Amino acid sequence: MKQTDGAKKQLELLLQRYPILAGQRDEIDGAYQIIAASYEAGGKLLIAGNGGSAADAEHIVGELMKGFKKTRRLDEALAERLLRESPELGPDLVQHLQKALPAIAMDGHPALTTAYANDCAPLMCFAQQVNGYGRAGDVLLVISTSGKSKNILYAAVTAHALGMKVVGLTGGADSPLLPLLVDQEVYPENLAQLGRNEAWLDTDLARRGMRRAEVLAYLGNKESCVVIQKKTAQNG
């Protein structure tokens with residue numbers, strides 16, 4: 001799908017704020033294209049993460065299911081149906097409801113997850129929800145710093161089997177999640193962790209035309225840097 005002017009503007013603002021990402025413009029745009037195309041086709045976004053990644057999942061859903069910077073007004077056809085359905089309650093609904101981008105953070109639903117964990121398999125709670133909610137054309141966003149979280153891996157495999165797209169935020173060159181991310185991979189890397197694998201870091205930065213000293217100089221005292229990479233066809 002063609003990138004809208006609004007999307008282009010937001011991408012430019014992102015790159016201005018984080019210049020280190022300038023060389024990864026196409027990969028960031030690609031992840032956007034995957035999710036936007038799913039929404040345009042009537043799909044939805046499922047998000048899975050543990051701990052802090054679960055908090056990220058909830059935050060993302062909060063921005064998608066209601067207006068972010070601007071109010072998303074209801075479609076006129078739906079507004080008219082609400083008014084016809086209830087002359088009393090319809091006006092309030094039309095005034096306050098906003099158009100939503102369907103998204104589900106799968107860390108919630110405690111009754112479901114505890115029942116499934118107790119009766120079936122605790123590490124497959126995300127996979128069970130993907131199995132129940134997911135449809136071909138939907139997108140699964142998985143967030144795992146290590147890429148080794150078994151419940152995340154189970155969810156990604158299930159999504160592929162259902163014909164969904166998988167987008168991931170992960171870290172570490174040895175992440176088992178990487179082969180499951182057919183479309184886009186986004187690695188948030190902790191510099192201390194990367195320091196323990198300096199040979200890989202230097203090789204990866206050289207591929208991008210950067211040197212570690214330059215990256216560290218730019219980051220200063222910042223805790224992390226972001227590296228974005230597109231998966232090659234042979235890894236599929």
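Residues numbered from 1 in each chain as written. Predicted model: local features only at pLDDT ≥ 70, side-chain atom pairs only at ≥ 80, totals over all residues. Heavy atoms only, no water.

Peer 1: I tried to follow the overall build of the protein on my own but got confused; where do I start?
Peer 2: Counting secondary structure elements, the protein contains eleven helices and six strands. The burial tally for the protein puts 39% of its 236 residues in the buried class. Put simply, of all contacts in the protein between residues at least 6 apart along the chain, 68% involve residues at least 24 apart. Total accessible area on the protein stands at roughly 13,600 Å², and carbon and sulfur atoms take up 56% of it. (Helix = DSSP H or I, 4+ residues; strand = E, 2+ residues; numbered from the N terminus. Buried < 20%, exposed > 50% of the residue type's maximum accessible area, 1.4 Å probe, protein only. Contact = heavy atoms within 4.5 Å. Areas by Shrake-Rupley, 256 points an atom, 1.4 Å probe, with all protein chains shown as cover.)

Peer 1: It is not clear to me how helix 2 (residues 25-40) should be interpreted in this structure. Could you clarify?
Peer 2: The periodicity of an α-helix, 3.6 residues per turn, causes residues three or four places apart in sequence to face the same way. The terminal C-alpha atoms of helix 2, which comprises 16 residues, lie 22 Å apart, in line with the 22 Å expected from a rise of 1.5 Å per residue. Residues E27, I28, D29, G30, A31, Q33, I34, A36, S38 and Y39 constitute the buried set of helix 2. (Expected span 1.5 Å × (residues − 1).)

Peer 1: When you look at the packing of helix 1 (residues 5-17) against helix 2 in this model, what are you seeing that I'm missing?
Peer 2: The description of two packed helices rests on the angle between their axes and on the distance between the axes. Running from amino to carboxyl end, helix 1 crosses helix 2 at an angle of 135 degrees, the nearest separation of the two axes being 11 Å. Judged by the inter-axis angle, helix 1 sits oblique to helix 2. As for the relative orientation of helix 1 and helix 2, their crossing is right-handed in sense. Across the interface between the two elements, A7, L11, E12, L14 and L15 of helix 1 pack against R25, I28, D29 and Y32 of helix 2. Residue composition of the contact of helix 1 with helix 2, by class: six nonpolar, no polar and three charged. (Axes fitted to C-alpha atoms, helices over the stretch in contact; angles between N-to-C directions. Parallel < 35°, antiparallel > 145°, perpendicular 65-115°, else oblique. Left-handed = near helix turned anticlockwise from the far one by under 90°. Nonpolar A, V, L, I, M, F, W, Y, C, P; charged D, E, K, R; others polar.)

Peer 1: How should the nonpolar core be read in this particular structure?
Peer 2: Generally speaking, nonpolar side chains in soluble globular proteins are found buried as a group. Among the nonpolar cores identified, the biggest contains 17 residues, and M106, V130, L140, V142 and L177 are the most heavily contacted of them. Looking at this core, the elements that each hand over two or more residues are strand 1 (45-49), helix 7 (125-133), strand 3 (139-144) and helix 8 (150-161). It is helix 8 that contributes the most residues to this core, five residues altogether. Not counting residues within four places of it along the chain, the set of residues in contact with L177 comprises V142, S144, G147, I152, L153, A156 and T170. Counting residues in hydrophobic clusters, the runner-up holds 13 residues, among them I47, A57, V139 and L141. (Core = buried A, V, L, I, M, F, W, Y, C linked by side-chain atoms within 4.5 Å.)

Peer 1: Would you explain the packing of helix 7 against helix 8 in this entry?
Peer 2: As a packed pair, helix 7 and helix 8 sit with axes 7 Å apart at the nearest point and diverge in direction by 20 degrees. Overall, the two elements helix 7 and helix 8 adopt an arrangement that is roughly parallel. Here the hand of the crossing between helix 7 and helix 8 comes out right-handed. Side by side, helix 7 and helix 8 meet where F126, A127, V130 and N131 of the first sit next to N151, I152, Y154, A155, T158 and A159 of the second. Looking at side-chain class alone, the contact of helix 7 with helix 8 contains seven nonpolar, three polar and no charged residues.

Peer 1: What's the story with the pattern of salt bridges in this structure? I'm lost.
Peer 2: Proximity of charged atoms lets side chains of opposite charge pair with each other. Applying the stated criterion across every chain yields a total of three salt bridges. Residue D138 is joined to K44 by a salt bridge in which the shortest nitrogen-to-oxygen separation is 2.8 Å. Of the two residues, D138 sits in the loop between helix 7 and strand 3 while K44 sits in the loop between helix 2 and strand 1, which places them 94 residues apart along the sequence. With respect to burial, D138 and K44 carry one shared label: buried. Between K99 and D75 there is a salt bridge, with its nearest N and O atoms 3.4 Å apart. In this pair, K99 is assigned in the loop between helix 5 (90-96) and strand 2 (103-105) and D75 in the loop between helix 3 (52-64) and helix 4 (76-85), connecting sequence segments 24 residues apart. Looking at K99, the relative accessible area reads 41%, which means it is partly exposed. (Salt bridge = Lys/Arg side-chain N within 4 Å of Asp/Glu carboxyl O.)

Peer 1: What is the right way to read the environment of F126 from this model?
Peer 2: Checked against the element boundaries, F126 lands in helix 7. Exposure remark for F126: the relative accessible area of 7% places this residue in the buried category. F126 sits 30 residues away from A156 along the chain, and the two C-alpha atoms are 9.1 Å apart. What F126 contacts, discounting residues up to four positions off in sequence, is A48, G49, N50, M106, D107, N151, I152 and A155.

Peer 1: Please clarify how helix 3 should be interpreted in this entry.
Peer 2: Under the 1.5 Å per step criterion, the end-to-end length of helix 3 is 19 Å for 13 residues, consistent within 8% with the ideal 18 Å. S53, A54, A57, V61 and L64 are the residues of helix 3 that are buried. Down the axis of helix 3, the smallest arc covering the buried residues is 105 degrees, so these residues share one side. Helix 3 presents G52 and H59 as exposed residues on the side facing more than 90 degrees away from its buried surface. Against helix 2, strand 1, strand 2 and strand 3 lie the buried residues of helix 3. (Arc of directions from axis to C-beta.)

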